[in-house]
Amino acid sequence: MNETAHAMVRPVADRAPLFDPAVVRFGLRQIFRTRKFMIAALVSAVPVIAGIIMLFVDVAASAKPDYTFDAGLAETTAFVILGGTVPFVALLMAGGMLADEAEDRTLTYLLVRPIRRSTLYVSKLLPVLLVTAGLAAVQALLLGIMRLLAFGLAGSDATEELVGGGTISSGALIALTVPAAAGAAALVGIVLAAVFGVVTLLTTRFHFFANLLVYLVWELGFGLTGGGLGRLTVLRYGMSFLDQASPSVVGGGLMDQPSGVAFSLFWLLLWLVLWALAGAAIVRRRDFNITSAAS
Amino acid sequence: MTLRFHEVTRRYGDVVALNRVSLHLDGGITALVGPNGAGKSTFMKVATGHVRPSSGRVEAFGQTVWDNPGVMAQVGFVPEQDAFYEWMTGADFVATLATLGGMQPASAKRLAEDELATLGLDREAWDRPIRTYSKGMRQRVKLAQALVHEPRLLFLDEPLLGCDPVARRRIQDRIRSLRNEGCTVVVSSHILPEVERLTRDIAVVAGGRLVAQGDAGEIRDVLGQIPSRVRLACKDARLAAAALATWPDVAAVRIQDDGVEVETPRLRAFLQRLQKDTPKAWGLQGLTTVDADLDSLFAYLAGEAA
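As the structure is a computational prediction, the values presented were derived from the model and not from experiment. (Residues numbered from 1 in each chain as written. Chains lettered and ligands numbered in written order. Predicted model: local features only at pLDDT ≥ 70, side-chain atom pairs only at ≥ 80, totals over all residues.)

Caption draft 1: Region of interest: the overall build of chain B. Helix and strand content of chain B: eleven helices and 14 strands. Taken over the C-alpha atoms alone, chain B extends approximately 80 × 45 × 35 Å along its principal axes. Taken over 306 residues, chain B has a buried fraction of 46%. Within chain B, contacts between residues at least 6 apart in sequence are counted, and of these 67% link residues at least 24 apart. (Helix = DSSP H or I, 4+ residues; strand = E, 2+ residues; numbered from the N terminus. Buried ≥ 20, exposed ≤ 12 C-beta atoms within 10 Å, placed from the backbone. Contact = placed C-beta atoms within 7 Å.)

Structure, rendered in structure tokens:
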């Protein structure tokens, strides 16, 4: 036995590490090469295009007294980004995670590495979360920059009206709204990716349609109705976060009875952890019957 | 004990892919042979922790195999399927998988290149995408990823499939050298003569059961005792059957639609007499020997063990 090769292999830890950096790096390499990533990047450009269209509408309705930079950004972020492009990006990135490799039969190489299955799952999920968060946040940031270029730093009469009698500088307005929008987009993206990752494990072959169904029925169907089951949706708390992260600016106009920023953030992060743990638990117990024939 | 299967059963729904298989291996090369669908691949999947046994225990180095990084650090696996990250180069593929096994990138790169050189993959191919590789080159890359960390237990599922003679010899040499270094090797194949060049230790799997295990020569002896079956197409089957039943080299005769089927423990002697003593009255039109291939051994052994 060649002792050199063994000496170069790190000792196996008694406790399973949360993630394996080498698998995370490899996962990122894989993602950036996929057609799905290219599509997700293109989808991420949709809000900017939508923003340009809305700008024209805004310009046409320039007499509208209460229109401001932040309100337009928040509305576009809420309905175009959170409600449309970010879930689709999450679906593309998380849908097929591990399932695609099982289908390609390359998963076999990962299963025989000295990595616990739960660690493998989290390590495959992390790159998905990173890329999804990045694409989601970039959408809001680009939209913010675009509107900034269109409206400039100057405030409007409506600014004072929106802040309830107080005044706020345009710089502060932008400083509050853009990060709130980017943060909400990133949060919704990663939590939905964690949910879609688990659904993918449960329905390997039909994961795209299963995830689409989850999004349309659970998130949009229940999420937009407000109460009841809607209180268990990601969109509701993403919207609440956006609405309340800069409440003096947006003025709580996005939704009825939003949750507070802290509670929304806590709920989203808890949901993320719970779904990630669920995925890890499934992978820990699941058989991967990778056959020689392409399935 | 390096590898221990204890009463391992694996079901897929109603199908029993492995049926109470018990096997102990400690060093050397063991060939797992059997026809397609015998349960060899399921054995490999259970042994490498892809699927769990429905019942029974699988242990390597005294520990359970399932989700055990301590065991997997000492295991190498060459899957049967021709699956790769096609966009990677051969050297990158092997080195990357080595880093996933815990090696530092620089060491992984060096050891990957050493292993590819040992297996005879041309240096100019190392930095080409795998999708441009021939079948033999792909097999060598697959083997290299399994060997780069110097495993103590190696599973090879049809490792010579599609290889040209040169690649075959290189791979066989490498497997022998691993055996000499103390590695326990399990080679799965449905071609008995091929694995006999690697080892005399054979485990025969058929119908999900381990039906025979031992020296290749002993297995061949069993093969020699199997009566050969010969089908004679003749016009007067009843007349032929009555005569053949009296021949000393004939163990059994069955009348069929288009002739007779004969079982003989001494095929050569039977055929010689048939050539000399066949009356024209039988209307002999032709003959075929059935079960002359390896499948008959598997079928026979499976029947014996039932």
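Let us keep going from here.
Caption draft 2: Focus on the interface of chain A and chain B. With 31 residues of chain A in contact, the opposing surface of chain B contributes 37 residues. Elements supplying a minimum of two residues to the side of chain A that touches chain B: α1 (3-8), α2 (21-33) and α7 (107-111) of chain A. Its residues assigned to classes, the side of chain A that touches chain B shows 16 nonpolar, six polar and nine charged. (Nonpolar A, V, L, I, M, F, W, Y, C, P; charged D, E, K, R; others polar.)

Caption draft 3: Molecular detail of the packing of α2 of chain A against helix α3 (residues 90-100) of chain B. Here α2 of chain A crosses α3 of chain B at 140°, and the two axes come no closer than 8 Å. Between α2 of chain A and α3 of chain B, the contacting residues are Ala22, Val23 and Phe26 of chain A on the first element and Thr96, Thr99 and Leu100 of chain B on the second. Of the residues that constitute the contact of α2 of chain A with α3 of chain B, the class distribution is four nonpolar, two polar and no charged. (Axes fitted to C-alpha atoms, helices over the stretch in contact; angles between N-to-C directions.)

Caption draft 4: Structural detail: the packing of helix α12 (residues 234-245) of chain A against helix α14 (residues 261-285) of chain A. Residues and elements named next belong to chain A. Close contact between α12 and α14 brings their axes to 8 Å; oriented N to C, the two are set at 145°. Pair α12 / α14 crosses with left-handed handedness. Contacts from Val234, Tyr237, Gly238, Ser240, Phe241, Gln244 and Ala245 in α12 reach Val261, Ser264, Leu265, Trp267, Leu268 and Trp271 in α14. Taken together, the residues that form the contact of α12 with α14 break down as nine nonpolar, four polar and no charged. (Left-handed = near helix turned anticlockwise from the far one by under 90°.)

Caption draft 5: The arrangement of the sheet that holds strand β1 (residues 3-12) of chain B in detail. Residues and elements named next belong to chain B. One open sheet holds the four strands; their spatial order is β2-β1-β4-β5, and the pairing between them is antiparallel. Only two strands of the sheet have a single neighbouring strand rather than two, namely β2 (15-25) and β5 (63-64). As paired strands, β1 and β2 are joined by seven bridges and run antiparallel to one another. Residue pairing across strands places Arg11 opposite Val16, the latter belonging to β2. (Pairing = 2+ DSSP bridges.)

Caption draft 6: The arrangement of the confidence of the model for chain A in detail. Model confidence for chain A is summarised by a mean pLDDT of 81, while 76% of its residues fall at 70 or above. Contacts for the low-pLDDT stretch residues 155-165 of chain A, under 50 throughout, to residues beyond four places or in other chains number 21 contacts. (pLDDT = per-residue confidence, 0-100.)

Caption draft 7: Here's a closer look at the domain arrangement of chain B. Parsing chain B into structural domains produces domain 1 (3-222) and domain 2 (227-290). Computed from C-alpha atoms alone, the centre-to-centre distance between domain 1 of chain B and domain 2 of chain B is 45 Å. (Domains from an automatic or database assignment.)

Caption draft 8: Inspection of the nonpolar core at higher detail. If you look at the biggest cluster of nonpolar residues, it comprises 154 residues, and the most contacted ones within it are Ala184, Ala185, Val188, Val191 and Ala193 of chain A together with Val94 and Ala112 of chain B. When residues no more than four places from it in sequence are discounted, the contact partners of Val191 of chain A are Val234, Leu268, Trp271 and Leu272 of chain A. Ranked by size, the runner-up nonpolar core spans 13 residues in total, among them Leu232, Ala241, Leu244 and Val262 of chain B. (Core = buried A, V, L, I, M, F, W, Y, C linked by C-beta atoms within 7 Å.)

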